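Coordinates in review
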Amino acid sequence: MSYEPANHVSSQENLRRLLDPRGQTGVGVHDGLSTLLASKYPFDFLWVSSFCNSAAMGLPDAGILGAEEMLGMVRLVRRNSSLPIVVDMDAGYGDPLKIYHVVKEMVRAGASALCIEDNPVSKRCSLYDGYARTLVTADEHMARIRAAKAAVADIEGNCIIIARTEAF
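Quick summary incoming for the structure in this document. Note that the coordinates shown come from a computational prediction; the quantities given were computed from them, not determined experimentally. (Residues numbered from 1 in each chain as written. Predicted model: local features only at pLDDT ≥ 70, side-chain atom pairs only at ≥ 80, totals over all residues. Heavy atoms only, no water.)

**Concerning the packing of helix 4 (residues 67-80) against helix 5 (residues 96-109)**
The test is simple: Convention adopted: a line fitted to C-alpha atoms gives each axis, helices being fitted over their contacting stretch, and angles between N-to-C directions are expressed from 0 to 180 degrees. In this text, helices come from DSSP runs of H or I with a minimum length of four residues, and strands from runs of E with a minimum of two, each type numbered from the N-terminal end. Any angle between 65 and 115 degrees counts as roughly perpendicular, while under 35 counts as roughly parallel, over 145 as roughly antiparallel, and the rest as oblique. Helix crossings fall into two classes, left-handed where the near helix is turned counterclockwise from the far one by less than a right angle and right-handed where it is turned clockwise. In this analysis, two residues are considered to be in contact whenever any of their non-hydrogen atoms come within 4.5 Å of each other.
Remark: helix 4 packs on helix 5, axes separated minimally by 9 Å, with the N-to-C direction vectors making an angle of 15 degrees. In this view, helix 4 runs roughly parallel relative to helix 5, as classed from their interaxial angle. For the crossing formed where helix 4 meets helix 5, the hand is right-handed. Counted together, Ala67, Met70, Leu71, Val74, Arg75 and Arg78 of helix 4 and Val102, Glu105, Met106 and Ala109 of helix 5 form the full contact between these two elements.

**Overview of a nonpolar patch on the surface**
Defined as follows: By definition, no residue in a patch forms a salt bridge, and every one has over 30% relative accessible area; like charges are joined within 9 Å, nonpolar side chains (Val, Leu, Ile, Met, Phe, Trp, Tyr) within 5 Å. Computed with a 1.4 Å probe, the accessible areas rest on the Shrake-Rupley method; for each residue, only the protein chains presented here act as cover. Every case where a carboxyl oxygen of Asp or Glu lies within 4 Å of a side-chain nitrogen of Lys or Arg is listed as a salt bridge. Relative accessibility decides the category of a residue: with a 1.4 Å probe and only protein chains considered, values under 20% of the type maximum give buried, values over 50% give exposed, and everything between is partly exposed.
On the surface, Met57, Leu59 and Ile64 cluster together into a nonpolar patch covering about 260 Å² of accessible area. Topologically, Leu59 is positioned in the loop between helix 3 (50-56) and helix 4. Owing to a relative accessible area of 32%, Leu59 belongs among the partly exposed residues under this scheme.

**What about the sheet that holds strand 5 (residues 160-164)?**
Defined as follows: In this description, strands pair whenever DSSP reports at least two bridges between them.
Reading across the sheet, the 5 strands line up as 1-2-3-4-5 and stay open at both edges, with parallel pairing between neighbours. Only two strands of the sheet have a single neighbouring strand rather than two, namely strand 1 (26-28) and strand 5. Between one strand axis and the next, the sheet turns by 25 degrees as a mean value, whatever way the strands run. In the sheet, strand 1 pairs with strand 2 (residues 45-48) via 3 bridges, with the strands oriented parallel. From the neighbouring strand, Gly28 faces strand 2, where its bridge partner is Trp47. Each of strand 2 and strand 3 (85-88) is contacted by helix 4, which is oriented at about 165 degrees to strand 3, the strand it contacts most.

**Quick look at the pairing of strand 4 (residues 113-117)**
Condition: Handedness of a crossover is defined as follows: orient the strands so they point away from the viewer, and if the path from the first strand over the helix to the second runs clockwise, the crossover is right-handed.
With 5 of its 5 residues buried, strand 4 lies for the most part within the structure. Burial along strand 4 is two-sided: the residues Ala113, Cys115 and Glu117 and Leu114 and Ile116 are all buried. Sheet topology places strand 3 next to strand 4; 3 bridges connect them, and they run parallel. For Val87, the partnering residue across the bridge sits in strand 4 and is Leu114. At this point the chain moves from strand 3, through helix 5, to the parallel strand 4, and the crossover so formed is right-handed.

**Structural notes on the pattern of salt bridges**
Tallying each qualifying case throughout the model produces 6 salt bridges. The salt bridge involving Glu140 is made with Arg144; its shortest N-O contact spans 3.6 Å. Of this pair, Glu140 and Arg144 both sit in helix 6 (residues 138-154), 4 residues apart, roughly one helical turn. Arg144 gets classed as buried once you look at its relative accessible area, which sits at 1%. Residues joined by salt bridges that share partners form a network here, namely Asp88, Glu117, Arg164 and Glu166.

**Side note on helix 4**
Threshold: One less than the number of residues in a helix, times 1.5 Å, gives the span that helix is expected to have. For this quantity, the arc is that covered by the directions from the helix axis to the C-beta atoms.
The terminal C-alpha atoms of helix 4 lie 20 Å apart, and with 14 residues this matches the ideal 20 Å at 1.5 Å per residue to within 8%. Among the residues of helix 4, Ala67, Met70, Leu71, Met73, Val74, Val77 and Arg78 are the ones counted as buried. Projected onto a plane normal to the axis of helix 4, the buried residues spread over an arc of 160 degrees and lie on a single side. Residues of helix 4 that are exposed and point more than 90 degrees away from the buried face comprise Glu68 and Arg79.

The following block contains the structure:
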């Protein structure tokens with residue numbers, strides 16, 4: 001099997017094109033095999049989620065996986081597919097300074113979009129019942145998003161930043 005390296009700008013531009021009111025279809029991937037299989041079907045993008053990757057490692061989606069594990073997965077997915085990659089960065093893996101540096105590495109690894117939520121850094125998946133949901137303040141979440149956007153701009157990247165809320 002022959003594989004041509006992905007053109008990251010192309011995949012990111014494709015994702016921008018795909019974000020329209022008609023909706024798009026993505027699929028979660030968590031290893032090389034799931035990426036190769038997904039790439040054989042007409043999906044519009046690949047979703048690298050903390051939930052999928054935690055489950056594949058037999059762990060709960062409770063912020064146990066860190067930035068390095070997710071970066072490794074993004075690199076692996078990019079190596080095996082040229083589809084746009086949307087990455088679930090949970091709460092960003094730390095304060096705005098850390099988010100800034102992690103975002104730069106995610107973009108360099110091939111992420112087309114990064115999703116940052118308003119959970120505290122010690123997050124729990126919203127699918128878990130039985131605990132009080134607390135979120136960071138709007139100001140704190142905006143600081144995360146601003147740091148992410150600054151990182152993309154500083155490396156002249158072409159990556160979409162998605163601000164996500166866990167509020168129900």
